[in-house]
Amino acid sequence: MSGTKSSGHDRADDPFEEGGTSLLRQPKAVWATAGASVVAFMGIGLVDPILPSIAQGLHATNSQVSLLFTSYFLITAVAMLVTGFVSSRIGGRKTLLAGLALVVVFAALSGMSGSVGELVGFRAGWGLGNALFVSTSLAVIVGAAAGGSAAAILLYESALGLGMACGPLLGAILGDMKWRYPFFGTAVLMAIGFLAITAFLKEQPKPATKTSLLDPVKALGHGGLASAAVSAFFYNYAFFTVLAFTPFVLNMSPYRSGGVFFAWGVLLAVFSVIVAPRLQHRFGSLKVLAASLLLLAADLLVLGYGDHTTAIVCTVASGAFIGLNNTVFTELALGVSDAPRPVASAGYNFVRWFAAAAAPFLAPKIEEWTDIHIPFVIAAAAAAAGAAVVTLRRRALTLDAEEPEPQHAMEDGVAVFAD
């Protein structure tokens, strides 16, 4: 692994210029892929504002409706072992189109569900399609972008933030009319993305080395990568307690809930793309990560025990810490080990997405067994545990010259993606 500083550091002064090339001057193929990426990330938070409406419409309990996240991310976790295997054999373009096609089909079927069981099952199919698409999209953007890989990664991070911010807003606008409409809306937008990629994106060269199904698991034998994955596992439990359980606690109309999570997503995007690189440049990645995880833990405790207004403020504020964590964890996973980055990031994602599947199911169950405060106490403890892993395993997590080299952030395979 080379020892130059990351793209995040290089773009600290002007994040919208790379090598004299504006971030906005990109080929149509890049914009088509980035646009579809926005919609793909929108699908993660799309159901947030309408969870209570879905529960009411399908006569389901909170814990049953939370399985929409569990099935989605459980399949996503397992799919991490498959996406690199697939894309290294059929190419990035075909993998993107296969993922988009699956999302279109299963998002439409989700909107036609007659029971919560059907909806949970269709969300699982949606998760497979989204995994195939999102895990390949960064590689495609990097390969097709003008201005260097740092500009491409920034564009991808921007798409992630925009999607996470706009998903709840779209869910609120369409879900206020009927809870089924956000699913149909996603299917239409992804169909447009399918057509755009078909028209503008040419197939890129396949990687010289094919990825096996077990390569990501073997990569976790590296102490640094394993430490990053374990810390991210704890962090993701806290993250998805906020995303999947807080809407039930706030108990607001779709519009108001959508507004709260839109503000949350805006903070996530700003801190991920703009603030995180500057803090890393000044304090170092591991210090930023440990501090951000502890601040997230404190925020969750206040959220759990505060009044309704405090809960809203803390929900929005958590977006800032989540944005910081997403950026630093991504760089750690991509650069801490000697394994090829697609393989390392696949193994990392395989571990951390299991927490994203567990939190939405366990949080409402814990509330049923105890009270409404305890799910947030456990989420705060998980975030603190993530910080402890970073601190105790600091030596294993320290990269050569601090950060990974930007041009190696993705090499024809599986990207690290955040939520």
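Residues numbered from 1 in each chain as written. Predicted model: local features only at pLDDT ≥ 70, side-chain atom pairs only at ≥ 80, totals over all residues. Heavy atoms only, no water.

1. Observations concerning helix α5 (residues 67-90)
Link 1 in the chain: In this model, α5 (24 residues) spans 32 Å end to end at C-alpha, consistent with the 34 Å of a helix rising 1.5 Å per residue.
Link 2 in the chain: At Ala-79, α5 is bent by approximately 45°, the largest bend along its length.
Link 3 in the chain: Immediately beyond the C-terminal end of α5, within one or two residues, lies Gly-91, with a positive phi of roughly 95°. (Helix = DSSP H or I, 4+ residues; strand = E, 2+ residues; numbered from the N terminus. Expected span 1.5 Å × (residues − 1). Bend = angle between axes of the 7 residues up to and from the residue.)

2. What about the nonpolar core?
Link 1 in the chain: By size, the foremost hydrophobic cluster in this structure holds 119 residues, and its most contacted members are Ile-54, Phe-73, Ile-197, Phe-240 and Trp-264.
Link 2 in the chain: With residues near it in sequence (within four places) discarded, Ile-54 still touches His-59, Val-65, Leu-68, Leu-119, Trp-179 and Phe-183. (Core = buried A, V, L, I, M, F, W, Y, C linked by side-chain atoms within 4.5 Å. Buried < 20%, exposed > 50% of the residue type's maximum accessible area, 1.4 Å probe, protein only. Contact = heavy atoms within 4.5 Å.)

3. Section: the packing of helix α11 (residues 223-250) against helix α16 (residues 374-392)
Link 1 in the chain: Axis separation between α11 and α16 bottoms out at 8 Å; the angle between their running directions is 160°. If you check the angle between α11 and α16, you find them roughly antiparallel. By crossing handedness, the relation of α11 to α16 is classed as left-handed. Across the interface between the two elements, Ser-227, Val-230, Ser-231, Phe-234, Tyr-235, Tyr-237, Ala-238, Thr-241, Phe-245, Thr-246 and Val-249 of α11 pack against Pro-375, Phe-376, Ile-378, Ala-379, Ala-382, Ala-383, Ala-385, Gly-386, Val-389 and Val-390 of α16. (Axes fitted to C-alpha atoms, helices over the stretch in contact; angles between N-to-C directions. Parallel < 35°, antiparallel > 145°, perpendicular 65-115°, else oblique. Left-handed = near helix turned anticlockwise from the far one by under 90°.)

4. Considering the environment of Ala-317
Link 1 in the chain: The topology assignment puts Ala-317 in helix α14 (residues 308-335).
Link 2 in the chain: Judged by relative accessible area, which is 25%, Ala-317 ranks as partly exposed.
Link 3 in the chain: On a C-alpha basis, the gap between Ala-317 and Leu-300 in space is 9.9 Å, while along the polypeptide they are 17 residues apart.
Link 4 in the chain: In contact with Ala-317, other than residues within four places in its own chain, are Leu-267 and Asp-299.

5. Description of unusual backbone geometry
Link 1 in the chain: With a phi close to 55°, His-59 is a non-glycine residue in the positive phi region.
Link 2 in the chain: By the secondary structure assignment, His-59 is in the loop between α3 (51-57) and α4 (62-65).
Link 3 in the chain: Even without being a glycine, Asn-251 presents a positive backbone phi close to 50°.
Link 4 in the chain: Tracing the sequence through the fold places Asn-251 in the loop between α11 and α12 (254-283).

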